[in-house]
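Below, each chain spelled out in residue letters.
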Amino acid sequence: TNQTSEIGDVTIERTVCLVLLGKTEAACKLLGLSSEETSNSEMATFVRENSPSGDVVEGVCALVDQWIQQVAFPLFRDSARVAPISLEQWFSNPKVTGFVDRYALSPAFAKIEGAGSAAKRALTKG
């Protein structure tokens, strides 16, 4: 049995988390958009179509913004009374940028990220 299908495809959720942590290169790689890979997935097509400058990070951010606004945000109570936050607003918050900077420098977070990658490799081999 395929363990990935039992868990469900959480590629978009993982992509959102990576972008919110400032890891846009990792998000692009997860979607199969790195320079050495090409992906024909629906998400990759959306990203390419929303990257007018040719930089896929632009399209990944559009994908994340859309997912937050259409999927995640409506799940929160009282969300009808508040406008969803954009990535631009998210990263303009000094507390967020401070956390992202500390995250990038922290060896503990690097270990956690490495463990997550190892778990993914184990699942895809299984």
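The residue count restarts for each chain, going from 1 along the sequence in the order it is written. Local features in this predicted model are restricted to residues whose pLDDT is 70 or higher, and side-chain atom pairs enter the listing and the counts only when it is 80 or higher, whereas totals over whole chains, interfaces and linings include all residues. Side-chain metrics in this entry use all non-hydrogen atoms of the structure; hydrogen atoms and water are not considered.

1. What to know about the overall build of the protein chain
Link 1 in the chain: Note on conventions: DSSP H or I runs of at least 4 residues are helices, E runs of at least 2 residues are strands, and numbering of each starts at the N terminus. The secondary structure content of the protein chain amounts to eight helices and zero strands.
Link 2 in the chain: Traced from its N-terminal end to its C-terminal end, the protein chain shows the element sequence α-α-α-α-α-α-α-α.
Link 3 in the chain: Burial classes follow relative accessibility: with a 1.4 Å probe on protein chains only, a residue under 20% of its type's maximum area counts as buried, one over 50% as exposed, and anything between as partly exposed. By the burial criterion, 27% of the 126 residues in the protein chain qualify as buried.
Link 4 in the chain: Here, two residues are considered to be in contact whenever any of their heavy atoms come within 4.5 Å of each other. Residue pairs in contact within the protein chain that sit at least 24 positions apart in sequence constitute 42% of those at least 6 positions apart.
Link 5 in the chain: Shrake-Rupley sampling with a 1.4 Å probe provides the accessible areas, and residues are treated as covered by the protein chains on show and by no other component. Of the roughly 8600 Å² of accessible surface on the protein chain, a fraction of 57% belongs to carbon and sulfur atoms.

2. As for the confidence of the model for the protein chain
Link 1 in the chain: Each residue carries a pLDDT score, the predictor's own confidence in it, on a scale running from 0 to 100. For the protein chain, per-residue confidence averages 80 on the pLDDT scale, and 72% of positions sit at 70 or higher.
Link 2 in the chain: When the criterion is pLDDT under 50, residues 1–6 qualifies, and its contacts beyond four places in sequence or with other chains add up to five contacts.

3. Side note on helix α2 (residues 11–20)
Link 1 in the chain: Looking at α2, one finds that the buried residues are Thr-11, Ile-12, Thr-15, Val-16, Leu-18 and Val-19. Each buried residue of α2 sits inside an arc of 165° when the element is viewed along its axis, so together they form one side.
Link 2 in the chain: Packed against the buried residues of α2 are α3 (24–30), α4 (42–49), α5 (56–72) and α6 (87–91).
Link 3 in the chain: Gly-22 lies just past α2 and shows a positive phi near 80°. Arc, as used here, means the arc of the directions from the helix axis to the C-beta atoms.

4. A look at the nonpolar core
Link 1 in the chain: If you look at the biggest cluster of nonpolar residues, it comprises 18 residues, and the most contacted ones within it are Leu-33, Val-60 and Val-64.
Link 2 in the chain: If you list the elements that add at least two residues to this core, you get α2, α3, α4 and α5.
Link 3 in the chain: Broken down by element, this core gets its largest block of residues, six residues, from α5.
Link 4 in the chain: Apart from residues lying up to four places away in sequence, Val-64 is in contact with Thr-15, Val-16, Val-19 and Leu-87. Residues belong to one nonpolar core when they are buried, are Ala, Val, Leu, Ile, Met, Phe, Trp, Tyr or Cys, and are joined through side-chain atoms within 4.5 Å.

5. Brief notes about the packing of α4 against α5
Link 1 in the chain: Think of each axis as a best-fit line through the C-alpha atoms, taken over the contacting stretch in the case of a helix, with angles from 0 to 180 degrees between the N-to-C directions. Two elements in contact, α4 and α5, have axes separated by 7 Å at closest approach and are oriented at 115°. Here α4 and α5 pass one another in a crossing that is right-handed. Between α4 and α5, the contacting residues are Met-43, Phe-46 and Val-47 on the first element and Val-56, Gly-59, Val-60, Ala-62, Leu-63 and Gln-66 on the second.
Link 2 in the chain: Its residues placed into classes, the contact of α4 with α5 shows seven nonpolar, two polar and no charged. We call a crossing left-handed when the near helix sits turned anticlockwise from the far one by less than a right angle, and right-handed when that turn is clockwise. Side-chain classes are defined by residue name, with Ala, Val, Leu, Ile, Met, Phe, Trp, Tyr, Cys and Pro counting as nonpolar, Asp, Glu, Lys and Arg as charged, and the others, Gly among them, as polar.

6. Comments concerning the environment of Gly-32
Link 1 in the chain: Turning to its location among the elements, Gly-32 is positioned in the loop between α3 and α4.
Link 2 in the chain: Gly-32 sits 12 residues away from Ala-44 along the chain, and the two C-alpha atoms are 7.3 Å apart.

7. Some details on the pattern of salt bridges
Link 1 in the chain: Salt bridge criterion: a side-chain nitrogen from Lys or Arg within 4 Å of a carboxyl oxygen from Asp or Glu. Tallied over the entire structure, the rule returns one salt bridge.
Link 2 in the chain: In this structure, Arg-81 and Asp-78 form a salt bridge, with 2.7 Å as the shortest nitrogen-oxygen distance.
Link 3 in the chain: Its relative accessible area of 68% is what places Arg-81 among the exposed residues.
Link 4 in the chain: Residue Asp-78 is classed as partly exposed on the basis of its relative accessible area of 43%.

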